[in-house]
Amino acid sequence: MSGHSHQSWGRWPRASQQVLPLYWPDDQLPATGDLSLLPRGNGRSYGDVCLNDGGALLDCRQLNRFVSFDPEHGRLACEAGVLLGDIQRLTLPRGWMLSVSPGTQFVTVGGAIANDVHGKNHHRAGTFGRHVVSFELRRTDGSCLQCSPSENPELFRATVGGLGLTGVITRAEIQLKPVSGAYLDQQTVSFDHLDRFFELAAEADRQHEYTVAWIDCLARGPELGRGLLMTADHRDEANCSEPARRRLSVPFELPVSPVRSWSVRQFNRWYFNRQRRNAGRRRVHYQPFFYPLDAVGQWNRVYGRSGFYQYQCVIPEGQAREAVSDILERVSDAGSGSFLAVLKRFGDLPSPGLLSFPMPGVTLALDFANQGQRTLDLMDSLDQLTHAAGGRVNPSKDARMSAAHFQQAYPGWKQLQGLADPGLSSSFWRRVTVAP
Amino acid sequence: MTRALIIGATSAIAGAVARLWAEQGHALFLTGRNPERLKLLRHDLLARGAARVETAVLEVTDTLQQEAVISQAVQTLDGLDLALLAHGSLPGSDDWHSSPEAARLAFEVNATATITLLTRLTGLFESRQHGTLVVISSVAGDRGRQSNYLYGAAKGAVSLFTQGLRNRLHGGPVRVITVKPGMVDTPMTRSFDKGLLWATPEQVAIDVVRAVSRGRDVVYSPWYWRWIMLVIRLLPEWLFKRLRL
Ligand SMILES: Cc1cc2nc3c(=O)[nH]c(=O)nc-3n(C[C@H](O)[C@H](O)[C@H](O)COP(=O)(O)OP(=O)(O)OC[C@H]3O[C@@H](n4cnc5c(N)ncnc54)[C@H](O)[C@@H]3O)c2cc1C
Ligand SMILES: NC(=O)c1ccc[n+]([C@@H]2O[C@H](COP(=O)([O-])OP(=O)(O)OC[C@H]3O[C@@H](n4cnc5c(N)ncnc54)[C@H](OP(=O)(O)O)[C@@H]3O)[C@@H](O)[C@H]2O)c1
């Protein structure tokens, strides 16, 4: 099977590749001759780390069997295509939940490891990779290796955050965390300027398990960086019910994207005011809090045929206030802003991967409709601000950063290249490893 | 608690059905050819909440073994409420166009083995005055097409057989459900280009589970195949024989 069926979440760039499914963990990896192969999870990466233009993708979603669950110690073993949401549903009624969960539950365990994803509790738990006990890695030379922090530790470090380049993860064992139930106490405070975020966030991190801020990146001047800080903590309530479901979906790619700066500005204003009115304490189910965007299936289609980019950077603590403010000003001036700009402090727990994105500091994530060169130029200028401040851009969301920027920001890339499986490659990897 | 026997449990479609039944707390007896894979399934289904999961190796064309495995299932689960027949193989046309032996074998797996299994299970269920038979046939059995008429003929035989069986058993305690999936993305169709009409095994599994709980007779899955096949069956032969389907 080949063609355009497997795109990335940003739906840009378009790639054409063969898709070969892997059904069982002990199946031989398919022989692809000269074509390179790339393991593929659920395609929730925004950019091209999950694409292999001109090559082949190894679809791992049918590796979706649980292997074992130990409800006494919260250890779960499963195949790499299991979705994080399925883990939550299985283990929550028995008192356990994922230690780290990104902003969507439609992500596979393999994808979560390969991008070493982070969640709203980064300041307490670090990245996903910190909770991986071990995994099984199959390489295209036919070998199959068990990796953990103590067994094949180099390959473990290279595979966590290794963007699928070191081999195919077929099974993994992860450590869950104990919880009483599905509900959280959420608190929302609004802030009317970026400076205020920095005052609030450090304190919020000290007090709360989960923290995240949403900012209106089109607000300017005295309102620059106004937003909402949301915090949450687990309730001591043994209720594991599923939330009331009202799942909408965007049925097809809209021919012309309605996402223009005017509509975004209006949306952001409306959202900001609505949430500000709802500020205060509320009891919420973990799903709408962890995965707010999952409420609308295929929401990425609203950006139309040309897709969109996500720009996520992290800036070290000392430089963050200034750099984030500069970035927001640049975005607001350009007027090509995004619905949701997410701002969060990362804690200082070390990331286990050679190429893990998180580091101590503040991370900002913005979506931009793809308007061609203009959008690329804007992001290039944001790169400069990011790099000048000693920060870096998240590969799992990227579709355009330059090889020079990548290589400077991730010096571990050389080492990864040495440990990578020569039969594997991705659009991203070819793009960022050329001589700058 | 429902006790179900699944023949061909390592199939993608059966695996997805087993998962839903496990979540409903059923006790399952799985058969397949590969014991390692049966073991992987067993662990998965137990984690998902199955009351019990036991397995046995069965090559479906081995008719003696059929009887032994069915008795083993009845004994281990202490009775049986449900049997799903999901084994099948789609022969590549290169093989059966020229090889009578390959043609015979494909018919044996897809039709003869299914019919002998059904005959045994019907006897069992009738003697116990209880049980539901679910058979995965195919839309391919609704009309012979040049691309897969050997497989289609075997599935057509199964569809007709279950239709007659349902007719005979009507009014009694034993039910027969014929499931006719359209094109499903599974190992069987690994080498096909997938397009718009393709379904996932999970979608088909939902239809199978619903057909059992609602007591349906013939289920097309996904539903639109009922209408597609209606049109295809209505085409006059002089026209149909000219088409490349
Ligand atoms: C709405 C939304 C919110 C998000 N929020 C967050 C967030 O809060 N934090 C965060 O960190 N990320 C976030 N993300 C990004 C997402 O979590 C990551 O991109 C994740 O890695 C996607 O997993 P996937 O299963 O879809 O993998 P894919 O996107 O298909 O693949 C991702 C990478 O993993 C590799 N891979 C996949 N499976 C395997 C395997 N079996 N073996 C080896 N390598 C493999 C691929 O080669 C690729 O390099 C979000 C994405 C969306 C759409
Ligand atoms: N996929 C489709 O498009 C489609 C459409 C309509 C109907 N169907 C039917 O759906 C059912 C499930 O198929 P699937 O699509 O899920 O395919 P699948 O995953 O390839 O499963 C086929 C199964 O049949 C088993 N099998 C084949 N020959 C056997 C034999 N001689 N003895 C015992 N077991 C044997 C295989 O066992 P091993 O694992 O040991 O090989 C495998 O478990 C089949 O009846 C198929 O005909 C499929």
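The structure presented is a predicted model; accordingly, all values stated were derived computationally and were not measured. (Residues numbered from 1 in each chain as written. Chains lettered and ligands numbered in written order. Predicted model: local features only at pLDDT ≥ 70, side-chain atom pairs only at ≥ 80, totals over all residues. Heavy atoms only, no water.)

## Quick notes on the overall build of chain B
This is how it is decided: Only DSSP runs of H or I with at least four residues qualify as helices, and only runs of E with at least two residues qualify as strands; both kinds are numbered from the N terminus onward. In this treatment the radius of gyration is a C-alpha quantity, and the globule benchmark scales as 2.2 Å times the residue count to the 0.38 power. Relative accessibility decides the category of a residue: with a 1.4 Å probe and only protein chains considered, values under 20% of the type maximum give buried, values over 50% give exposed, and everything between is partly exposed. Pairs of residues are marked as contacts when any of their non-hydrogen atoms sit within 4.5 Å. Per-residue accessibility takes into account occlusion by the displayed protein chains alone, with areas from the Shrake-Rupley method and a 1.4 Å probe. Charged-residue counts in this description rest on Lys and Arg as positive and Asp and Glu as negative, His and the chain ends being excluded. To locate a charge, take NZ of a lysine, CZ of an arginine, CG of an aspartate or CD of a glutamate.
Looking only at helices and strands, one finds 9 helices and 7 strands in chain B. Relative to its length of 245 residues, chain B is compact, with a C-alpha radius of gyration of 18 Å against a globular reference of 18 Å. C-alpha extents for chain B along the principal axes are approximately 55 × 40 × 35 Å. Here chain B holds 245 residues, and the buried ones make up 50% of them. Sequence separation of 24 or more characterises 71% of the internal contacts of chain B that already satisfy a separation of 6 or more. Accessible surface, chain B as shown: approximately 11400 Å² in total, 55% of it carbon and sulfur. Where the 28 positive side-chain charges of chain B centre and where its 21 negative ones centre are 6 Å apart.

## Concerning the sheet that holds strand β5 (residues 131-136) of chain B
Consider a sheet: its strands pair through backbone hydrogen bonds, and that pairing is either parallel or antiparallel. Residues and elements named next belong to chain B. Definition in use: For two strands to count as paired, DSSP must find a minimum of two bridges between them. Throughout, an axis means a line fitted to C-alpha atoms (over the contacting stretch in the case of helices), and angles, computed between N-to-C directions, take values from 0 to 180 degrees.
With parallel pairing, the 7 strands of this open sheet are ordered in space as β3-β2-β1-β4-β5-β6-β7. The open sheet is flanked by β3 (52-57) and β7 (218-221), the only strands paired with a single partner. Averaged over all adjacent pairs, the angle separating strand axes in this sheet is 15°, with direction ignored. Direction of pairing for β5 relative to strand β6 (residues 174-181): parallel, over a ladder of 6 bridges. Considered in β6, the bridge of valine 135 is made with threonine 178. Helix-sheet contacts for helix α5 (residues 100-128) involve β1 (3-7), β4 (82-85), β5 and β6, and the interaxial angle to β5 is about 170°.

## Re the interface of chain B and chain A
Operational definition: Two parts placed together each lose some accessible area; with a 1.4 Å probe, that loss summed over both constitutes the buried area. Salt bridges are counted wherever a side-chain nitrogen of Lys or Arg sits within 4 Å of a carboxyl oxygen of Asp or Glu. Throughout this description, a polar contact denotes any pair of N or O atoms lying within 3.5 Å of each other; where both atoms belong to protein, one of them has to be capable of donating a hydrogen while the other can accept it, and for residues adjacent in sequence the pair is counted only when both atoms sit in side chains. When residue character is reported, Ala, Val, Leu, Ile, Met, Phe, Trp, Tyr, Cys and Pro are called nonpolar, Asp, Glu, Lys and Arg charged, and the others, Gly included, polar.
Chain B puts 17 residues into the contact, and the matching count from chain A is 17 residues. Around 1600 Å² of area is buried between chain B and chain A when both sides are counted, 51% of it from carbon and sulfur atoms. There are 2 salt bridges connecting chain B and chain A. The tally of links from chain B across to chain A stands at 6 residue pairs in polar contact (both at pLDDT 80 or more). Per-element tally for the side of chain B that touches chain A: the top contributor is helix α2 (residues 35-47) of chain B, with 6 residues. Split into classes, the residues belonging to the side of chain B that touches chain A amount to 5 nonpolar, 3 polar and 9 charged.

## What to know about the site of ligand 2
All names here are of chain B. Rules: The rule for a residue being near a molecule or strand is that one of its heavy atoms must lie within 4 Å of it.
In the neighbourhood of ligand 2, 26 residues make up the surrounding shell, with Thr10, Arg33, Glu59, Tyr151 and Thr186 lying closest. The contact in question runs from an oxygen atom of ligand 2 to an N or O atom on the backbone of serine 11, over 3.0 Å. Contacts to ligand 2 include arginine 33, whose side-chain N or O atom sits 2.8 Å from an oxygen atom. Here ligand 2 has 890 Å² of accessible area as a free molecule, and 90% of this is covered by the chains. Residue assignment for the shell around ligand 2 shows that the elements contributing at least two residues are α1 (12-23) and α6 (149-169). Among the residues forming the shell around ligand 2, the class breakdown is 13 nonpolar, 10 polar and 3 charged.

## Quick look at the site of ligand 1
Residues and elements named next belong to chain A. What surrounds ligand 1 is a group of 33 residues, the closest being Pro39, Arg44, Ser45, Thr108 and Asn115. Between an oxygen atom of ligand 1 and a side-chain N or O atom of serine 45, the distance comes to 2.6 Å. In the environment of ligand 1, an oxygen atom lies 2.9 Å from a nitrogen or oxygen atom belonging to the backbone of leucine 163. For the shell around ligand 1, the secondary structure elements donating two or more residues are β3 (37-40), α2 (109-114) and β10 (168-178). Here the residues of the shell around ligand 1 are counted per class, giving 17 nonpolar, 13 polar and 3 charged.

## Some details on the side chain of A:Thr188
All names here are of chain A. Among the secondary structure elements, threonine 188 is positioned in strand β11 (residues 183-191). Note on threonine 188: relative accessible area 6%, which makes it buried. In this view, threonine 188 contacts Leu228, Leu229, Met230, Gln275, Ala279 and Gly280; residues no more than four positions away in its chain are not counted.

## Observations concerning unusual backbone geometry
Residues and elements named next belong to chain A. Between tryptophan 12 and the following residue, proline 13, the backbone shows a cis peptide bond with an omega angle of -5°. With respect to the secondary-structure elements, proline 13 resides in the loop between β1 (2-3) and β2 (17-21). If you check the backbone angles, arginine 11 has positive phi at about 55° while not being a glycine. Its location among the elements puts arginine 11 in the loop between β1 and β2.

## Some points on the environment of A:Leu419
All names here are of chain A. Among the secondary structure elements, leucine 419 is positioned in helix α11 (residues 413-419). Expressed as a C-alpha distance, the spacing of leucine 419 and leucine 165, which sit 254 residues apart in the sequence, is 8.6 Å. Setting aside residues up to four positions removed in sequence, leucine 419 forms contacts with Arg139, Glu154, Leu155, Ala158 and Thr166.

## Thoughts on the pairing of β7(B)
Sheet topology note: the β6(B)/β7(B) ladder contains 4 bridges and is parallel. Note on β7(B): the bridge partner recorded for B:Lys180 is B:Tyr220.

## Regarding the pairing of β4(B)
Residues and elements named next belong to chain B. In β4, alternate side chains face the same way, and those of Leu82 and Leu84 on one face and Ala83 and Leu85 on the other are all buried. In terms of strand pairing, β1 meets β4 through 4 bridges, oriented parallel. Looking at the pairing, isoleucine 6 lines up with leucine 84 of β4. Pairing of β4 with β5 involves 4 bridges; the strand directions are parallel. Residue leucine 82 lies in a different strand from β5, and its bridge partner there is threonine 132.

## Let's talk about α1(B)
Residue and element names in this part refer to chain B. Where we set the bar: One less than the number of residues in a helix, times 1.5 Å, gives the span that helix is expected to have.
Between its first and last C-alpha atoms α1 spans 17 Å; for 12 residues at 1.5 Å apiece the expected length is 16 Å, and the two agree. Extensive coverage of α1 is indicated by the burial of 10 of its 12 residues. Of all the positions in α1, only Ala12, Ile13, Ala14, Gly15, Ala16, Val17, Ala18, Arg19, Trp21 and Ala22 are classed as buried. The inward-facing, buried residues of α1 contact β1, β2 (27-32), α2, β4, β5 and α7 (201-214). Looking one or two residues past α1, glycine 25 carries a phi angle of roughly 80°, positive in sign.

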